[in-house]
Amino acid sequence: MASKININLDTSKENYLVTKCKQNDNLTLEAFIYENGLALDLTNKTITIQALKSDNTYIIQNTDIVKENNKINAELDRDFSRVPGTTKIEIVLVESSKQNTTFSFYLEVVASVIRGAVQSSNTATILEALDNKIIEAGQVKQETEELIESGGAAKKEDIININASLEQITKYEVEKFPSIGNEIDDTLRIRRAIASVENGEVIFSSKTYKTSLKIEFNKSNTIYRGIGGTNLISIADDFPFIISGTDIVIEGITFKQMNSTTIYKASIEFAPNTKRVLIRNCKFIGENSRINISNLGISDITITNCYFEGSRYGILVNEKSSDMRRLNIVNNIFLNMIGDAIELNTPNTRGVGLKEVVVTGNIMQRDLRYMVANNILLGEPNNKNAGHAFGASGLSDAVISNNVIDGFYWSGIDLEDESERVVITGNKIKNCYGDAVAWAKGKNYKKNDMVKSNGNIYLAQTDGIAGETMPIHTSGENSDGGVIWLYLIQALNNFPSFPTGINIQDASFVTINNNICEQTGFSGIVLENRQGYVGSDDGIGNTYVATISGNVLEKSINGIYVATAGNCEISITGNTCSLNSNAGIYVRRTTSSISYNDNMLAENTYGFYLDEVYAEAIFSNNVISRNINAIGLSDNVNRGGARFNKLTGFNIINTKSGGNTGNQEMFTLGKFAKGTVSMTSRSNTNDYVNKIWEVTWDGTTLNQTQVYSYINGHVSYAAITMVGDKLNCSITNNGATNNVEISLVFDGIMYIR
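Since the structure is predicted, the reported quantities are computational estimates derived from the model, not experimental observations.

What follows concerns the side chain of asparagine 503. Residue placement: asparagine 503 occurs in strand S44 (residues 500–505). Residue contacts for asparagine 503: discarding those within four places in its chain leaves Ser411, Ile413, Asp414, Leu415, Glu416 and Val526.

Attention shifts here to the side chain of lysine 691. Considering the arrangement of structural elements, one finds lysine 691 in strand S64 (residues 688–697). At a separation of 3.4 Å, a polar atom in the side chain of lysine 691 contacts the side chain of glutamine 706. Setting aside anything within four residues of it in sequence, one finds lysine 691 in contact with Val677, Ser678, Met679, Gln706, Tyr708, Ser709, Ile711 and Ala718.

This part is about the packing of aromatic side chains. The final tally for this structure, using the stated rule, is 15 aromatic pairs. Ring plane angle 70 degrees and centroid distance 5.9 Å describe the contact between tyrosine 458 and tyrosine 487, whose orientation is recorded as edge-to-face. Residue tyrosine 458 is located in strand S40 (residues 456–460), and its partner tyrosine 487 is located in strand S43 (residues 484–490); the two are separated by 29 residues in the primary sequence. Tyrosine 458 sits in the buried class, given a relative accessible area of 0%.

Right, let's talk about the pattern of salt bridges for a bit. This structure, assessed with the given rule, holds 20 salt bridges. The salt bridge involving lysine 219 is made with glutamate 198; its shortest N-O contact spans 3.2 Å. Of this pair, lysine 219 sits in the loop between strand S15 (215–217) and strand S16 (222–234) while glutamate 198 sits in the loop between helix H4 (187–196) and strand S13 (201–204), placing them 21 residues apart in sequence. By relative accessible area, which is 16% here, lysine 219 ends up buried.

A few words now on the environment of asparagine 582. You can see asparagine 582 is positioned in the loop between strand S52 (576–578) and strand S53 (583–590). Spatially, the C-alpha atoms of asparagine 582 and asparagine 604 are 6.2 Å apart, while their sequence positions differ by 22 residues.

To continue, consider a nonpolar patch on the surface. Together, Val707, Tyr708 and Tyr710 line one region of the surface with nonpolar side chains, adding up to about 280 Å² of accessible area. The topology assignment puts tyrosine 710 in strand S65 (residues 702–712).

Side-chain alternation along strand S54 (residues 594–597) places Ile594 and Tyr596 on one buried face and Ser595 and Asn597 on a second face that is also buried. Two elements, strand S51 (residues 567–573) and S54, share four bridges in a ladder whose sense is parallel. When the bridges of S54 are listed, serine 571 appears paired with serine 595.

Moving on, we come to unusual backbone geometry. Positive phi, normally seen in glycine, also occurs at asparagine 273, with a value near 65 degrees. Even without glycine at this site, asparagine 331 takes up a positive phi of about 60 degrees. Relative to the elements of secondary structure, asparagine 331 occurs in the loop between strand S26 (325–330) and strand S27 (333–335).

Let us look at the nonpolar core. If you look at the biggest cluster of nonpolar residues, it comprises 111 residues, and the most contacted ones within it are Phe217 and Ile279. For phenylalanine 217, the residues in contact, after removing those within four places along its chain, are Ile194, Phe204, Tyr224, Leu232, Phe241, Ile242, Ile243, Ser244, Ile248, Ile250 and Phe255. In this structure, Ala31, Ala74, Phe105 and Leu107 belong to the second largest nonpolar core, which totals 24 residues.

Each value, and the rule that gives it
- Residues numbered from 1 in each chain as written.
- Predicted model: local features only at pLDDT ≥ 70, side-chain atom pairs only at ≥ 80, totals over all residues.
- Heavy atoms only, no water.
- Helix = DSSP H or I, 4+ residues; strand = E, 2+ residues; numbered from the N terminus.
- Contact = heavy atoms within 4.5 Å.
- Polar contact = N/O pair within 3.5 Å; in protein donor to acceptor, adjacent residues only side chain to side chain.
- Phe/Tyr/Trp six-rings, centres within 6.5 Å; stacked < 30°, edge-to-face > 60°.
- Buried < 20%, exposed > 50% of the residue type's maximum accessible area, 1.4 Å probe, protein only.
- Salt bridge = Lys/Arg side-chain N within 4 Å of Asp/Glu carboxyl O.
- Patch = residues over 30% accessible without salt bridge, like charges linked within 9 Å, V, L, I, M, F, W, Y side chains within 5 Å.
- Areas by Shrake-Rupley, 256 points an atom, 1.4 Å probe, with all protein chains shown as cover.
- Pairing = 2+ DSSP bridges.
- Core = buried A, V, L, I, M, F, W, Y, C linked by side-chain atoms within 4.5 Å.

Next comes the structure, spelled out in structure tokens:
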């Protein structure tokens, strides 16, 4: 249950209000906003919550915020309570390009007893860049509305000139340009309206306009505005709507392309050298309705508050736009996309391609049942790789932040092919389902689990343990004897086998922090270069720098999967990986040195799993708790004796329970280990054990020297021993009537075979 912050703020009065929470608490904010003591109407205001934490890192949140009259309700990002100390918070209100910021209030974060030492990543410059990009994203809007409104954001000395400019603005309503002669649709009268305007507006009324030829929005310094539900429907078999020129605004229009036989043509295309365009509050409905950018010389494009539904792609930038600069995709909704919601494909040569990109505050969601019921394609024909929420290659200098992604069957975020200097932060990703797993009798399923059986896809309607009858029905619901299954569709051959929350392939200088990935198929995060993939020492990816920190990765096969080679610098720090069916962190085919520090790995099959590891890996201060196995080792670790791996400073905690325990397997000590082992045991009868041994393990013999012992209550025996290469412990408690809990910690140096 989230802690609730209740507060009253007046934009005209300085506040020194302080509220408290515990570190890592989930927080809900309820704020009432006033101006000069009167309730402030928030109806038309855009709201952003900004914070400065005690470690001088920033938070900028513009999602999960609901407004009603003068009240704001917000589910605050987890990062608000991550750092102990004083967090300074302010609320930014924007209406018609005018900003009004509340005075700050203060959140006192009280350190957690257990996780108090965990610090947030230093993302101040990253989020300052994001803030600057968001400001830049609104620049065209600001300039345009300064010409339409009273010029309030302008300097006083400019007001007279601005008002004079306002008088020169002309408005041309399409309805005042009637059809002539044998014109059977609206194509030519729309063209006549556009041809008439200079430095003004073209107004589309609240109706449906049908076009059969191209419409070019080709007048610079012009606004193309739909009023109260404008629909532009094209039957042109090509790009029906072309944007060209500079300083253009398109808003309030619904675009639909009908009857196109060329499936990769889109609703809107950008002509070469188009610059400074704002597309806002528009809708793109249907299979071939999207925004396409595929020419040179394009820059300063902002797409915001738009709605995309059932499109093959929502926004597509392809390799022909190799010199594009400054693209902002902000606060859009992408629903039930056939392929990718956002695909930015530019040349995969480092330093060449799309640069300076912000993708923030978008919602990307797919509902499989809805898509099946409405005959919407589930994937691109002949393209197994389509179906990311966000996909990019050759991308540079980008921020991907605070997006909500749900239900895509490939990756939530996919970054490939020599992309560099990219920050991925604050995103919430879940339900990347890929190819459904095979149904199995006796398996425990939850409602909405998806399986493949008899060549069909089924969705669980109830919780339960699967019975004996394999689902084979091709309509409606049926039970296997334990779980009720809803038939969805015949299994698609082009479904991927390895969906991922965040997939990084051959990218460098990548920061991935404070994301949440839940039920994302193969892994929450995949970090892989082609050298790691093929196990060679040449190819691309020789410089590979990445930081993965502060992410929460749950209920997938793996939390983090790493396969890298070459000259890499990788840090994996402060992540929480839990409830994954295989490993919290899976290390695969690595010939590069990687550090794993301060991670929490809990309730996975393996905490760490190491496979084909050839280089030094440094593990320190990780908490490995309640996993079936703390560390898993494949037979391929150091295959061929390439060189040993050095695991330094392990902090392993594995808890077993069960009365008088006998031998309990805890974790491997590898081929060689030297350090200390600490045992702590408790029972419900207040029996307590704390013992410390200095140990050396040479692969055959465990030498141990007890250096501390404290026993209280009914414990008569507490010891450690080796079985194979696994450290075991045992407790005899003559007084325990219920479970005995044992925690074992190894701290030292370990060599894996």
